[in-house]
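Geometric and topological summary
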Amino acid sequence: MCPRGRFLRCLLLASKSCIIFHHRQFIRCCGYSGSCRRPAIQASGNAQSTEEIGAMSSRRALIDVALGNEPAERAITNGRVVNVHTREIYSAGVAIKGDRIAAVGDIDYAIGENTEVIDAENRYVTPGLVDGHLHMYHSYLGVNEFVEGMLRHGVTAYADGFYGQGIVGGREAIRFFKDALEATPLRLIFLVPTLAHLQNRELGLEPTPGISVEEMNEMLDWENCVGLEEPPFLPVCEKWDDYLDLFDRCLEQRKTITGHAAGANWRQMQAYAAVGTSTDHESIATDEAVDKTRAGFRLLMRLGSGAIDVPELVKAYLEHKIDPRALAMCADLASPEKLLREGGVDDNIRVAVRNGVPPVIAVQMATINVAEAFYLQRDMGAVAPGRYADILLVDDLVRFDISRVFVGGETVVRDGEFLADLAPIEYPGNFRGTVKIEREITPVALEPRTDAEGPVTVRVIGVTDGSLVTDDGRAVLNVEDGVIRPDIDNDILPLTMADRFGKGRGRIGNGFVRGFGLKRGAIASTVNAVCENLVAVGASTSDMAFAMNKLAEIGGGKIVVADGEILALVELPLLGLLSEEATETVTAKFDKAFDAIRELGCDLASPFSQLEFSFACGEIGDLRLSDEGLLRVEPPEMVSLVVE
């Protein structure tokens, strides 16, 4: 009987007897010799990608090493393996063939004459860390600098869709950064950047061209795409067909829908889970974490610039006894000074342990728990046979100080020295000059006005240190010649956003904010989540206008000014979002900016991040500002600055 006939006969027998064949029987009956595993990164359709075929080939090469028929290429000996499957720590070695692990345990038999032996010297052997949700563009660094920063802190894989780059540069920018990251040792978990299309549409705001619905569907079929990046809950609850159709296609391909459930009530959260959303990174309170995990969400606990959520969220496990396997880690936002000094999700581990989480469980949260959220546990997240040899040697689990980082068995960091060879990156010319304003911004254009006489009650955006959520406050302010005057002494400062994409013929939205504490001067930026417009806050509209015009002149960045003088400047010429300079240079410029901001009276730990999230950003917060005016988030509606 021909192979096709044997296959059809197997199907007929299975359908009649409802028997599920044992894997080996299926292969014997059908003459099938391919891999039956779900590829870690799955191509669309039935055709196998080059990566899938290579993965199968590299796995087959492990068999003879595991059986002792041939030696390992590398072996890590004298280590204490942290087993994230069983929550054990025990003495073991790791045998490596190619870029994958062949065996873990007593692997002396796999050491041959030409095997490279790495003595772990009784260090802990953990999986490489996996960040479940991180926006590379919020590091403000170029690709190679970002990759180095991540690998230095043991993060060997991370999830991103490059939505910020997509808002400014469209499909071309997303494709560029995907290809560039995939050419580095840092493993990219690529997701369709739905926010590059949505851009506050659900709040009624006008988007930039960004990407189209058709392009989102196209990207879902891109090689190595594993799902959707944080489509918010409102399009689901409002039953937008374009998004529900995209969800259906994603699930049909057995890919992951990662969530963005900020502000969702219990019923909305249930509906969000019902359509297939499986993760959320926006939880900030323990009861919220409990509700979401009970609904089947895997919680990506955030510890990033301006967002310190891990200490509160681990209480879901510590106090409410939620299974810690439902809890995972992400940074979401990691500015360069955080990445350089505090780290990525390695810092999540340290903070979780300080708050009472046992070290092995904290390691689980930053490795296997994340990998499972993307169906990638067969490739990453564990020191186990068949997985990529993405491995850390750690001196102490509580401090989580890393002495060596392996990616695919190759050493990329050793004793603080970065060893990976990263090819220079040439960025497209159209990534520059993207900050376009219709005309020079004047101080008068930044002054909120009213026809009312005398003091007026105004809505005020409230900023809280360490949180991305804003509140809806009130203040009574004086009016002079139709201009609503700020109250610097009581920390009621002018806030503004100007369109930098030519959407609204020089459109500028003005409001007030509390929480920055500036006594003089201004700070401005061309980076702000979901909008990526030109924004500023300050004690002086003259300084705000000066700062904004300077950023437009240089093509983007972050700036601190006072009395018409530049105190600090971080140039971000690539899409107005990213630097081309070395991490140390960028960090030094940020340090200078933070020092200047403190001297102006602001004590926020991450003032630029807090500024970014004072503006319209999906369902986060109660009151936000846009270039179209002041916006109440729930229910979404434009509101007047002056309370009638």
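Keep in mind it's a predicted model, so treat the numbers as computed, not measured.

Scoring rules and cut-offs
Residues numbered from 1 in each chain as written. Predicted model: local features only at pLDDT ≥ 70, side-chain atom pairs only at ≥ 80, totals over all residues. Heavy atoms only, no water. Disulfide = S-S within 2.5 Å. Buried < 20%, exposed > 50% of the residue type's maximum accessible area, 1.4 Å probe, protein only. Helix = DSSP H or I, 4+ residues; strand = E, 2+ residues; numbered from the N terminus. Polar contact = N/O pair within 3.5 Å; in protein donor to acceptor, adjacent residues only side chain to side chain. Domains from an automatic or database assignment. Core = buried A, V, L, I, M, F, W, Y, C linked by side-chain atoms within 4.5 Å. Contact = heavy atoms within 4.5 Å. Pairing = 2+ DSSP bridges. Axes fitted to C-alpha atoms, helices over the stretch in contact; angles between N-to-C directions.

**Observations regarding the state of the cysteines**
Using the criterion set out here, one finds zero disulfides in the structure. No disulfide involves Cys225; its nearest neighbouring cysteine sulfur is the one of Cys250, lying 7.2 Å away. This cysteine, Cys330, is not joined by any disulfide, and Cys617 carries the nearest cysteine sulfur, 14 Å off. Given the relative accessible area of 0%, Cys330 is considered buried.

**Considering the environment of Tyr137**
Tracing the backbone through its elements, the reader meets Tyr137 in the loop between strand S6 (129–131) and helix H4 (143–152). In this structure Tyr137 comes out as buried when scored by relative accessible area, which is 1%. When the C-alpha positions of Tyr137 and Val643 are compared, they lie 37 Å apart, and in sequence the two are 506 residues distant. Polar contacts involving the side chain of Tyr137 include one to the side chain of His138, which spans 3.1 Å. A polar side-chain atom of Tyr137 sits 3.1 Å from a polar atom in the side chain of Tyr163.

**A short note on the domain arrangement of the protein**
As far as domains go, the protein holds domain 1 (59–122), domain 2 (126–339 + 362–419) and domain 3 (434–638). Taking only C-alpha atoms into account, the centre of domain 1 sits 54 Å from that of domain 3.

**Notes on the nonpolar core**
Counting residues in hydrophobic clusters, the biggest one holds 162 residues, and the most contacted among them are Phe146, Tyr158, Phe177, Val458 and Phe516. Among the elements that take part in this core, helix H5 (residues 163–182) stands out by supplying nine residues, more than any other. The residue makeup of this core includes at least three contributed by each of domain 2 (126–339 + 362–419) and domain 3 (434–638). With near-sequence residues (within four places) excluded, Phe516 lies in contact with Val463, Asp491, Leu493, Val537, Gly601, Cys602, Asp603, Leu604, Pro607, Gln610, Leu611 and Ser614.

**Here's the deal with helix H15 (residues 345–354)**
The buried fraction of H15 amounts to nine of the 10 residues, a majority that puts the element mostly inside the structure. One or two positions beyond H15, positive phi appears at Gly356, with a value near 110°.

**So, the sheet that holds strand S20 (residues 470–477)**
Strand order in the open sheet made by the eight strands is S20-S19-S24-S23-S26-S25-S27-S28, with mixed pairing throughout. With one partner strand each, in any of the chains shown, S20 and strand S28 (565–571) form the two edges of the open sheet. The average angle at which neighbouring strand axes cross in this sheet is 25°, direction not considered. Sheet topology note: the strand S19 (residues 456–463)/S20 ladder contains eight bridges and is antiparallel.

**Looking at the pairing of strand S30 (residues 629–632)**
Two strands pair when backbone bridges link them, and strand S29 (residues 623–626) and S30 are joined in this way by four bridges, in the antiparallel orientation. Considered in S30, the bridge of Leu623 is made with Arg632. Looking at chain direction, S30 and strand S31 (residues 637–639) are connected through three bridges and run antiparallel. Residue pairing across strands places Leu631 opposite Met638, the latter belonging to S31. Counting the residues that bridge the hairpin from S30 to S31 gives four residues.

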